[in-house]
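# Per-entry structural report
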Amino acid sequence: MIRNPVEAMCVAWNALRRLPTEGKAGNVYVPSSARALDDDERELVELARRTIDAHTDAGPDEDGIHTMGAAVMAADYRMFAGVNLYHFTGGPCAELVALGAARAQGARQMRCIVAVGNHGRGVVGPCGRDRQVFVDYYPTMRVIVPTPEGPRSVLAADLMPLTQRWTPEGGMNGLDPSLYQDPETSGPPIIRFHPRYLEDVRSGAKTRTTRFRDPAQPGPARLVFESDPEVVLPAEVTGIRHCLVSDLTDQDAQAEGLSTASELREVLKGHYPDLTDTDEVDVITFQINDM
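Residues numbered from 1 in each chain as written. Predicted model: local features only at pLDDT ≥ 70, side-chain atom pairs only at ≥ 80, totals over all residues. Heavy atoms only, no water.

## Remarks on the overall build of the protein chain
- When its secondary structure is counted, the protein chain shows seven helices and 14 strands.
- Burial status across the protein chain gives 42% buried among its 291 residues.
- Sequence-distant contacts, at least 24 apart, represent 66% of the contacts inside the protein chain between residues at least 6 apart.
- Carbon and sulfur atoms provide 53% of the accessible area of the protein chain, an area that totals close to 15,000 Å². (Helix = DSSP H or I, 4+ residues; strand = E, 2+ residues; numbered from the N terminus. Buried < 20%, exposed > 50% of the residue type's maximum accessible area, 1.4 Å probe, protein only. Contact = heavy atoms within 4.5 Å. Areas by Shrake-Rupley, 256 points an atom, 1.4 Å probe, with all protein chains shown as cover.)

This is the structure in structure tokens:
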């Protein structure tokens, strides 16, 4: 028996999160920041799935205390997982548990988050409370949500149109239009790097990067190293060469701090598992503006 409105709301949301997420028809709004998942995001989804499959306390089509798993990726690419703790008074969703686990392990900036239902239900979108939390604390974090085309990642701020952001310092603030500016498109174009490349780029040992389906353009750029805290270096893209993977040279490899073209191809296939020698890549040459 449901005794109060809070319990009714929680029961309704818990039931909604158990519904299948596939086979829905009709027009669905998908934010403009939505993009296909990259390899790291797919790994994050898999971590959330493994977590809830290992720790759920409910059988198929059954209620339970733990029916959702979540995983969050920090700026330094570490991943943390959690499960929900359902309670009629508003027990925490899996996403909030995962965020707390990340904080407890020293993570301060978050890159992406996802929730997955038990028993193969797949990616499930966050509830309204979670969306507000994301906007308040991590507005540029990406959130993986289900769409008619499959899971996509979107900016957290795009899940709360025209929201007002709350902060511990200032309370509820007025509407801030900059909150809805995609960091990928506001300012010089971004070229993202794994943190392990930071010192090589800073020292000048790495002056090129080879990208697959990740276009750049000549001129000013921001090199973003997704460390914790995030590091951004102003740079200039001085050249872009299109070539086949098989046509990469030892000189290309050496400009990336490697030795041979074969070594460069192996590294690229580690980043892009589906890459073949007949695929075309962009060899991007850059220089740091403050060197």
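## Side note on helix α3 (residues 94-104)
- Three or more residues of α3 are buried, namely Ala94, Glu95, Ala98, Leu99 and Ala102. Buried positions in α3, seen along its axis, are confined to an arc of 140° and lie on one side of it.
- In the segment just after α3, Gly106 is the residue with positive phi, at about 95°. (Arc of directions from axis to C-beta.)

## Quick look at the nonpolar core
- If you look at the biggest cluster of nonpolar residues, it comprises 22 residues, and the most contacted ones within it are Val72, Leu99, Met110, Ile113, Phe134, Met141 and Val143.
- Once you skip the residues sitting within four places of it in the chain, Met110 turns out to touch Val72, Met73, Ala74, Ala75, Leu99, Ala102, Tyr138 and Met141.
- If you look at the next biggest cluster of nonpolar residues, it comprises 15 residues, including Val201, Val231, Ala235 and Ile288. (Core = buried A, V, L, I, M, F, W, Y, C linked by side-chain atoms within 4.5 Å.)

## Remarks on the side chain of Asp130
- Structurally, Asp130 is set in helix α4 (residues 128-137).
- We note that Asp130 is buried and unpaired, the nearest opposite charge coming from Arg129 at a distance of 4.2 Å.
- When neighbours within four sequence positions are excluded, Asp130 is seen to be in contact with Cys93, Glu95 and Leu96. (Lys, Arg positive; Asp, Glu negative; His and termini not counted. Salt bridge = Lys/Arg side-chain N within 4 Å of Asp/Glu carboxyl O.)

## Overview of the sheet that holds strand β14 (residues 280-288)
- With mixed pairing, the five strands of this open sheet are ordered in space as β10-β12-β13-β14-β11. Among the strands making up the open sheet, the edge pair consists of β10 (190-193) and β11 (208-211). For this sheet, the mean angle separating the axes of adjacent strands, direction not counted, is 40°.
- In this sheet, β14 lies alongside β11 in antiparallel orientation, the contact comprising four bridges. If you follow Thr210 over to β14, its bridge partner there is Val283. (Pairing = 2+ DSSP bridges. Axes fitted to C-alpha atoms, helices over the stretch in contact; angles between N-to-C directions.)

## A look at the pattern of salt bridges
- Going through the model one piece at a time under the given rule, you end up with twelve salt bridges.
- With its nearest N and O atoms 2.7 Å apart, the salt bridge here joins Arg241 to Asp252. Taken together, the residues Arg241 in strand β13 (residues 231-244) and Asp252 in helix α6 (residues 250-255) connect sequence positions eleven residues apart.
- Residue classification places Arg241 among the partly exposed positions, given a relative accessible area of 33%.

## Observations regarding unusual backbone geometry
- Backbone geometry places Tyr77, a non-glycine residue, at a positive phi of 75°.
- One non-glycine residue, His119, lies in positive phi territory at about 55°.
- Among the secondary structure elements, His119 is positioned in the loop between β4 (110-117) and β5 (122-123).
- Overall, the relative accessible area of 39% leaves His119 in the partly exposed class.

## So, the confidence of the model for the protein chain
- Per-residue pLDDT for the protein chain has a mean of 85; in total, 86% of the residues score no lower than 70.
- The low-confidence segment residues 1-13 (pLDDT under 50) makes 18 contacts with residues lying over four places distant or belonging to another chain.
- Long-range and interchain partners of residues 18-25, a stretch whose pLDDT sits below 50, account for seven contacts in this model, where long-range means more than four residues apart. (pLDDT = per-residue confidence, 0-100.)

## Brief notes about the packing of aromatic side chains
- As enumerated under the stated definition, the model contains four aromatic pairs in all.
- Each ring, one from Tyr137 and one from Tyr138, has its centre 6.3 Å from the other, and the planes form 50°; the classification is tilted.
- Overall, Tyr137 belongs to the partly exposed group, its relative accessible area being 41%.
- According to the relative accessible area criterion, Tyr138 is buried, its value standing at 18%.
- When the ring of Phe193 is compared with that of Phe286, the centres are 5.9 Å apart and the planes differ by 65°; the resulting orientation is edge-to-face. In this pair, Phe193 sits in strand β10 while Phe286 sits in strand β14, placing the two residues 93 residues apart along the sequence.
- A relative accessible area of 4% places Phe286 in the buried class.
- An aromatic cluster of three or more residues is present, and its members are Phe193, Phe225 and Phe286.
- It is Lys206 that lies over the ring of Tyr197; its NZ or CZ is 4.8 Å from the centre.
- The ring of Phe193 has Arg211 sitting right over it, with the charged end atom 4.9 Å from the ring centre. (Phe/Tyr/Trp six-rings, centres within 6.5 Å; stacked < 30°, edge-to-face > 60°. Lys NZ or Arg CZ within 6 Å of the ring centre and 35° of its normal.)

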